[in-house]
Amino acid sequence: MEQPRDPEESPPGEPVVELEHVTRAFGTEAAVADLSLTVHEGELVTLLGPSGCGKTTTLRLLAGLDRPDSGVIRIRDEVVAGEGTFVPPEDRDIGLIFQDFALFPHLSVGENIAYGIEEWPAEQRDQRVEELLELVNLPEYRDHRPENLSGGQRQRVALARSLAPEPDVLLLDEPFSNLDVGLRKTMREEVRRILKATGVTAISVTHDQEEALSISDRVAVIAAGHLEQVGRPELVFQHPESRFVAEFLGQAGFVSGRLSDGKIHTGIGRLDAAIIKGLGPEYEGADIDVLVRPDDLLATPANGSDANGRIVHREYIGPSFIYRIELNSGDVVHCDQNHDDRLDLDQPVQVSLTADHPLAWFPAE
Amino acid sequence: MSALDGIISYTDRLRSDRSSAIGTGLTFLAAAIAAAMVLPLGWLVVDVFSLGGRALELTVDPTTLQVLVRSVGLVVVVTAASILIGVPLAVITVQTAIPFRRAWTVIAALPLAIPSYLGAFAAVSAFGPRGALAEMLAPLGIEAIPTIYGFTGAALVLTFYTYPYVFLTTRASLLSLDASLIEAARSLNSDRWEAFRRVTLPQIMPGIAAGALLVALYTLSDFGTPNIMRVEVFTQFIYARYNAFMREYAALLSLQLLAVTAVILAVESRIGIDEQGAYSSRSSRGAINFDLGAWRYPAMLLPAIVGLIAVLLPIAIFGMWLVRSGPGYTGGQMAFSLSYGWNSIYVSLLAAAAAILIALPIAFRSATTDSRLAALADRAPYVGYATPGIVLAIALVSFSLDALPVLYKTIPLLVFAYVVRFMPQAIGSIRTSTLQMDSRLVEAARTLGRSRLAAFRSITLPLIAPGIATGAALVFLTTMKELPATLLLRPLRFDTLVSYIWRVQEAGLYGQAAIPALVLVIVSGLSMAVILSQEGGKGADQ
């Protein structure tokens, strides 16, 4: 897949990291297949995908902990892998935050942070450590041992340690997966604040869509080693370019129909082709599936011929109910509704479209 | 990390190591060292070949067969008795509320701190003819007491000093047992005993089996006890043939003993003792399962009797020798000299240093790669560990006499024997500490700008240093008390604490042995403390 051409998506700044047709296979299985991606100065890009999609491998390739089979990796216009060269990790200006933080257990917090800047003059080094402890809000912890720190504190130290040598790029491998759910949200905001305060270019990896959507400047969705789509979180969410992306981000339902005369007849009634993004008259007669998310739909109790489906499942999630509705047409959709609108199982309902934004569509399967 | 990511980083390591010439070199070095360790045993075969047709004749000779039957019998009896003592002790100290639980735990493990030959030595001098007990009973008109010598005596002594293996492994299994499993069984209407039988017992089986295996191997290879107790089992018989200048016959018997050892090990791998389960002590969740009520007071008798007899008897006897003098207690020509102690320390230090130097590449290699050769190099030295000391000693005597006479009865050969026997302890502790180290730490160091070598120096080495120190301490302490190889391979007129004790024991001059024997008790106690603290450390890390 190519880079986004949409001008409004192009982030400012110089390219810092460039991956060009990078492939890495283990045995017969390609963990990363022909992946191309450019990350710009000061950006926070998240590689998002299910476990085993190759995102961690991509990170390791960037860090120099693994070599690509083919393709080129450039950091600040310098080839670090490919074209016959390979720069070892210690000679790349990258920082890496490990999933389990990998703090050196035999060194204090201060010594951990100073590890990467050992060759600096003592005074400057000292000052840098102080500065970073300040930045990550742990000024009192310089002489503590990693084993005595909480998960969130460890992550702050890991962050400070990686930032100390002022890397060109900071890589974060599932940075929040080892934290308690409650702590994750706070640390997400905290990490984003710290990264933005230093202006470092960062690439993070996660399988958690909420995390990816909330902290990133851009999200790159990866499946089976391929880059599926890259762009601003809200654009990727609203306009997925593939079914995979649509289903991986948020809850997706599809209603099927055929385009005729600018209308599509679906299980939830006739839809106007104008509200569907990029569905021009040239697709006349095509069978398509329209993506509808739970908040795009409204279900109301109905009887007889007014009903177009019935409730088959109900999930209460606190502020609202998520109903699963089997339409008479056979499609299954989800509907997110206020907890006051209580519907019963098996109840016939009329589902209608309430979305006021363009919808995405895919050719029928 | 997902499963696939795990596989990926695993194949990763494989790949990056294959591409590294240093890695390959190290692997071959490790393999070569391992081969050199195992090779001398091959010389036994050469010796037996020189017997020609007589070899078969001697193999089926009734005397040889009797030795085989007696050896196996001793192993079976001691192992069974150890289970009968060790398992109840473990259950009592882990799952019941007896008073002073911790103290009894230590006492029950304490016999391990006394080499069995010192126990046998003490038992003979206490209960033998003209021994302390006979002396006390003589004025009462009792002239004959049942003899301590022979099969029963040896079985008793060995049981007293080996049951702690079963006790400790069973205890570790019990501690690693998830208490909620027993609670689940209770909630499913099992009573305590049924829960024990159907939930606890199956889960501690691997632990019991691991301990039993150690007991069986120890009994089979123990040299001192059968010799002191005059029981014709393999180790005693081999030594006797060797002293009668029947080296080839001794070699033949050694091969048979090796074969029996191999059978025991094969049985172990067949029933698949899961060492992980047997030794893991993740957290002390061992809950009080048995409420003994008033029975908890008499329950204290078991650890009290077993532990105290096994530990206090030898110490009391050696103490008595120390303060007493008289005929049989002092002998002019065999006076103790401090130099024996220095000799012991000297060879033990050499052995520890050599073992670490050799173990480091082997252990580090096997912990950081998945290459088969490296794994083989790691396992091969364990052959030396499982080989009974007397067998190794006979093999090295034959090898040096036939092939390298300059080495016969020299310090280098003696130290080589120690290294072959005890290096696996060093490999084990270095490998464990290397494996415990998160491999991401080295990667973190690399991304922070350190080269491979610098990362090894600043991260790996400090983190595995405790493992190296533990390994060195274990080799040192076990060498201090090693008996058969020391006896057969020490240079002429070179005495260590152990060989001195052996000589005065053979001469019946028991009193001379007091100081060296007490020193050895302390040395063994220390080595046990090292092992236990290592286990404890592991538990704390998890």
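Residues numbered from 1 in each chain as written. Chains lettered and ligands numbered in written order. Predicted model: local features only at pLDDT ≥ 70, side-chain atom pairs only at ≥ 80, totals over all residues.

### Thoughts on the domain arrangement of chain A
Residues and elements named next belong to chain A. Selection criterion: The split of the chain into domains comes from an automatic or database domain assignment. Any two residues are considered in contact once their C-beta atoms, placed from the backbone, lie within 7 Å. By the convention adopted, Pro, Cys, Tyr, Trp, Phe, Met, Ile, Leu, Val and Ala count as nonpolar, Lys, Arg, Asp and Glu as charged, and the other residues, Gly among them, as polar.
In terms of domain boundaries, chain A breaks down into domain 1 (7-93 + 167-248) and domain 2 (253-363). Computed over C-alpha atoms, the centres of domain 1 and domain 2 are 34 Å apart. Listed per partner, the contact involves five residues of domain 1 and five residues of domain 2. Here the residues of the side of domain 1 that touches domain 2 are counted per class, giving two nonpolar, two polar and one charged.

### Focus: the sheet that holds strand β13 (residues 263-266) of chain A
All names here are of chain A. Spelled out, the test is: A pair of strands counts as paired when DSSP detects no fewer than two bridges linking them. Numbered from the N terminus, helices here are DSSP runs of H or I no shorter than four residues, and strands are runs of E no shorter than two. Angles shown run from 0 to 180 degrees and are taken between the N-to-C directions of axes, each axis being a line fitted to C-alpha atoms and, for helices, limited to the stretch in contact.
Sheet architecture is open: five strands sit in the order β14-β13-β12-β15-β21, paired in antiparallel fashion. Edge positions in the sheet fall to β14 (269-272) and β21 (361-363), since each of these pairs with one other strand and no more. Across the sheet, the axes of successive neighbouring strands diverge by a mean angle of 35°, strand direction being ignored. Pairing of strand β12 (residues 253-260) with strand β15 (residues 287-292), which is carried by six bridges, proceeds in the antiparallel orientation. When the sheet's bridge partners are listed, Val255 is paired in β15 with Val290.

### Looking at the packing of helix α3 (residues 42-49) of chain B against helix α20 (residues 389-402) of chain B
Residues and elements named next belong to chain B. To keep things clear, this is the line we draw: Convention used here: angles under 35 degrees read as roughly parallel, angles over 145 as roughly antiparallel, angles from 65 to 115 as roughly perpendicular, and any remaining angle as oblique. Left-handed describes a crossing in which the near helix is turned anticlockwise from the far one by less than a right angle; the clockwise case is right-handed.
Between α3 and α20, the shortest axis-to-axis distance is 8 Å and the interhelical angle comes to 70°. Compared by their axis directions, α3 and α20 come out roughly perpendicular. Seen along the crossing, α3 lies across α20 with a hand that is left-handed. Residues Trp43, Leu44 and Asp47 of α3 form the contact with α20, whose own contacting residues are Ala395, Ser398 and Phe399. Within the contact of α3 with α20, the residues separate by chemical class into four nonpolar, one polar and one charged.

### Some points on the nonpolar core
Rules: For the purposes of this analysis, a nonpolar core is taken to be any set of buried Ala, Val, Leu, Ile, Met, Phe, Trp, Tyr and Cys residues that are connected through C-beta atoms within 7 Å. Think of it as a crowd count around each C-beta: if 20 or more other C-beta atoms lie within 10 Å the residue is buried, if 12 or fewer it is exposed, and in between it is partly exposed, with C-beta placed from the backbone throughout.
Residues B:Ala355 and B:Ala417 are the most contacted members of the largest nonpolar core, which totals 148 residues. If one sorts the elements of this core by residue count, helix α9 (residues 151-176) of chain B sits on top with 15 residues. Apart from residues lying up to four places away in sequence, B:Ala355 is in contact with B:Val419, B:Phe422, B:Met423, B:Ala426 and B:Val475. Grouped together as the second largest cluster of nonpolar side chains are 104 residues, A:Ile94, A:Val245, A:Leu259 and A:Val351 included.

### Focus on the interface of chain B and chain A
Listed by partner, the interface residues are 21 residues for chain B and 23 residues for chain A. Of all the secondary-structure elements, those providing two or more residues to the side of chain B that touches chain A are α1 (3-18), α22 (439-447) and α23 (452-480) of chain B. Considering each element in turn, the side of chain B that touches chain A owes the most residues, six residues, to α22(B).

### Some words on the sheet that holds strand β9 (residues 201-206) of chain A
Residue and element names in this part refer to chain A. Spatial strand order, β7-β8-β9-β3-β10-β11: six strands in an open sheet with mixed pairing. With partners counted over all chains shown, the strands left at the sheet margins are β7 (94-97) and β11 (226-231), one partner each. Strand-to-strand, the axes of this sheet are offset by a mean angle of 20°, without reference to chain direction. Here helix α4 (residues 151-163) sits on the sheet and contacts β7 and β8 (169-173); the angle it forms with β7, its principal contact strand, is near 170°.

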